[in-house]
Amino acid sequence: MTSIDRIGVVGAGLMGSGIAEVCARAGSDVIVVESSAEAAEAGRSRIERSLQRAEGRGKIDSAAAVLERVRVTSDLADLADRQMVIEAIVEQEAAKVELFKTLDEIVTDQEAILASNTSSIPIMKLATVTKRPTHVLGVHFFNPVPVLKLVELVPSLLTAPETTERARAYVDGDLSKHAITCQDRAGFVVNALLIPFILSAIRMYESGFATAEDIDNGLVLGAAHPQGPLALADLIGLDTTMAVAESLYEEFKEPLYAPPPLLARMVDAGLLGRKAGRGFYTYDG
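Since the model is a prediction, treat every value here as computed from it, not as a measurement.

Description of the overall build of the protein
Here's step 1: When its secondary structure is counted, the protein shows eleven helices and eight strands.
Here's step 2: The principal-axis extent of the C-alpha atoms belonging to the protein is close to 55 × 45 × 35 Å.
Here's step 3: Roughly 13,000 Å² of accessible area belongs to the protein as shown, and the carbon and sulfur atoms make up 53% of that amount.
Here's step 4: Within the protein, one finds 27 positive and 39 negative side-chain charges whose respective centroids are separated by 2 Å.

See the structure below:
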């Protein structure tokens, strides 16, 4: 089984920059692609700041040495020689489909893995727009990527077993994370369980049953959760939470997956959580 040394990441937002960081920390040569030169520079700065924090905590010896293994660009063609490309762009099916069509043409190694960090979009929809569906699968990391150990591997019905095992070897071995495998169904394992829980908390708050603080404290202090569901929704991003809920509802048609009206209104208003400075809570900076 061929080892993976050259990684591409498309998207340098919160998830993409985190994925790039952990791959570089593991010794991989990493190229990150963003949509513009400005976005690329912002992504590089995000990775650099995170590495400096890791160095300050003694998690790595040298932030500068790790950063040398990362190149950030705005040209997708720079991914031509990658052995695995991980897509981490906006959680919109049409955008991801177009990207996979393009990556299929750009990445020259026909054994290269084309992976998606999607939270909920069926991998089959991405695989079938390529000429290499056997080499497409979901590789879903969790935020914050440098901290959380779990990665969901999501093969479609067309993914070759060798592709899944090659990805597992990289995730478990090189990245020292823990991979679990799940079927190609919306939400996979974690979000299929987590999103209904968060939506239930939003409905409770929306109904006036309890305040946001009391709902969250109830789960933190009464059930030993590290974070309450509404604070967690703010961390995930309310737009992402809603996108995953919509994908789950479209697939399963279960009422527990339907986004509450309050969530839709907050997304429309741009109250997206931590990244916007306001969601169920208000944040400084």
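Now that the structure has been shown, the text picks up again.
A few points about the packing of helix H9 (residues 229–236) against helix H10 (residues 238–252)
Here's step 1: Close contact between H9 and H10 brings their axes to 5 Å; oriented N to C, the two are set at 95°. Relative to H10, the element H9 is oriented roughly perpendicular. Here Ala 233, Asp 234 and Ile 236 of H9 come into contact with H10, specifically with Leu 238, Thr 240 and Thr 241.
Here's step 2: Each residue belonging to the contact of H9 with H10 can be placed in one class, and the counts come to three nonpolar, two polar and one charged.

Structural notes on the pattern of salt bridges
Here's step 1: Per the counting criterion, the structure on display carries 14 salt bridges.
Here's step 2: In this structure, Glu 21 engages Arg 25 in a salt bridge whose closest nitrogen and oxygen atoms are separated by 2.9 Å. Separated by four residues within a single helix, Glu 21 and Arg 25 lie in helix H1 (residues 14–25), roughly one turn from each other.
Here's step 3: Looking at Glu 21, the relative accessible area reads 2%, which means it is buried.
Here's step 4: Judged by its relative accessible area of 28%, Arg 25 falls in the partly exposed class.
Here's step 5: Put simply, Glu 91 and Lys 96 hold a salt bridge, and the shortest N to O gap is 3.5 Å.

Some details on helix H2 (residues 37–56)
Here's step 1: End to end, H2 covers 29 Å across 20 residues, agreeing with the expected 28 Å (1.5 Å per residue, within 8%).
Here's step 2: Inspection of H2 places Ala 40, Gly 43, Ile 47, Ser 50, Leu 51 and Ala 54 among the buried residues, and these make up the whole buried set. Buried residues of H2 fall within an arc of 100° about the axis and therefore sit on the same side. In this structure, H2 carries Ala 37, Glu 38 and Gly 56 as exposed residues pointing more than 90 degrees from its buried face.

A word on the packing of aromatic side chains
Here's step 1: For the structure shown, the criterion picks out two aromatic pairs.
Here's step 2: Geometrically, the ring pair formed by Tyr 205 and Phe 280 is edge-to-face, given 5.7 Å between the ring centres and 85° between the ring planes. With a gap of 75 residues between them, Tyr 205 in helix H7 (residues 190–206) and Phe 280 in the segment after helix H11 (261–268) connect regions that are remote in the sequence.
Here's step 3: Owing to a relative accessible area of 32%, Tyr 205 belongs among the partly exposed residues under this scheme.
Here's step 4: Relative to Tyr 257, the ring of Phe 252 lies with its centre 5.5 Å away and its plane at 35°, an arrangement referred to as tilted.

Definitions and limits used
- Residues numbered from 1 in each chain as written.
- Predicted model: local features only at pLDDT ≥ 70, side-chain atom pairs only at ≥ 80, totals over all residues.
- Heavy atoms only, no water.
- Helix = DSSP H or I, 4+ residues; strand = E, 2+ residues; numbered from the N terminus.
- Areas by Shrake-Rupley, 256 points an atom, 1.4 Å probe, with all protein chains shown as cover.
- Lys, Arg positive; Asp, Glu negative; His and termini not counted.
- Charge placed at Lys NZ, Arg CZ, Asp CG, Glu CD.
- Axes fitted to C-alpha atoms, helices over the stretch in contact; angles between N-to-C directions.
- Parallel < 35°, antiparallel > 145°, perpendicular 65-115°, else oblique.
- Contact = heavy atoms within 4.5 Å.
- Nonpolar A, V, L, I, M, F, W, Y, C, P; charged D, E, K, R; others polar.
- Salt bridge = Lys/Arg side-chain N within 4 Å of Asp/Glu carboxyl O.
- Buried < 20%, exposed > 50% of the residue type's maximum accessible area, 1.4 Å probe, protein only.
- Expected span 1.5 Å × (residues − 1).
- Arc of directions from axis to C-beta.
- Phe/Tyr/Trp six-rings, centres within 6.5 Å; stacked < 30°, edge-to-face > 60°.

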